[in-house]
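Structural overview
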Amino acid sequence: MPGIDECLLEVMRLPGARGASVVDWTSGLALGTIGESPNGDHEATAAETAEVARMTAEQPAFAHLAEGGGAAGAREAAEPPSTPVEDVIVTTHDGYHMLRFVETAFDSSVFLHLWLDRSEGNLAFARLRLGELAERLVLA
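Below is a short write-up of the structure.

Calculation rules
Residues numbered from 1 in each chain as written. Predicted model: local features only at pLDDT ≥ 70, side-chain atom pairs only at ≥ 80, totals over all residues. Heavy atoms only, no water. Helix = DSSP H or I, 4+ residues; strand = E, 2+ residues; numbered from the N terminus. Areas by Shrake-Rupley, 256 points an atom, 1.4 Å probe, with all protein chains shown as cover. Expected span 1.5 Å × (residues − 1). Buried < 20%, exposed > 50% of the residue type's maximum accessible area, 1.4 Å probe, protein only. Arc of directions from axis to C-beta. Pairing = 2+ DSSP bridges.

**What about the overall build of the protein chain?**
Each helix and strand counted, the protein chain has four helices and five strands in total. Shown N-terminal to C-terminal, the secondary structure of the protein chain runs as helices and strands in the order α-β-β-α-α-β-β-β-α. For the protein chain, the exposed area adds up to about 7600 Å²; of that, 53% sits on carbon and sulfur atoms.

**Remarks on the environment of E6**
With respect to the helices and strands, E6 occurs in helix α1 (residues 4–11). Along the backbone, E6 and L133 are 127 residues apart, and their C-alpha atoms lie at a distance of 9.9 Å.

**As for helix α2 (residues 42–57)**
With 16 residues, α2 extends 22 Å between its outermost C-alpha atoms, agreeing within 8% with the 22 Å of an ideal straight helix rising 1.5 Å per residue. Looking only at α2, the buried set comprises T45, A46, T49, A50, A53, T56 and A57. Buried residues of α2, viewed axially, fall in a sector of 135°; they line one side.

**Considerations on the pairing of strand β3 (residues 87–91)**
Bridge count for β3 against strand β4 (residues 95–102) is five bridges, and the pairing is antiparallel. By the bridge assignment, V90 is partnered in β4 with H97. What sits between the antiparallel neighbours β3 and β4 is a turn of three residues.

Here it is in structure tokens:
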């Protein structure tokens, strides 16, 4: 089970990986970073991506409906301790940004952010691999 540093090293082995980080989406703080940052500042990127993650994870529209539940079931499903959102993908003209939420036994608010070069990366492969890494990540 890899820790943050080992996980980030594995992420950077993905074809086209330009940079990656592990971010706490409630505080916007980077818990670990590697490689390049899209805007040249890992901490600013962490805060910006945390805002996207927070806005996505807190929306009832993305929650699974509870069995037999309507809107109330969706609201309950969207509340902590976990988010039903697995990942968020943002595409730009030259790259992909993938935010992969990390589920843990405790109230986790952590995600992996991968910045992937569009011409060199494989989005489908990166999504699968990031999911595997998120499942194995050990947060100490």
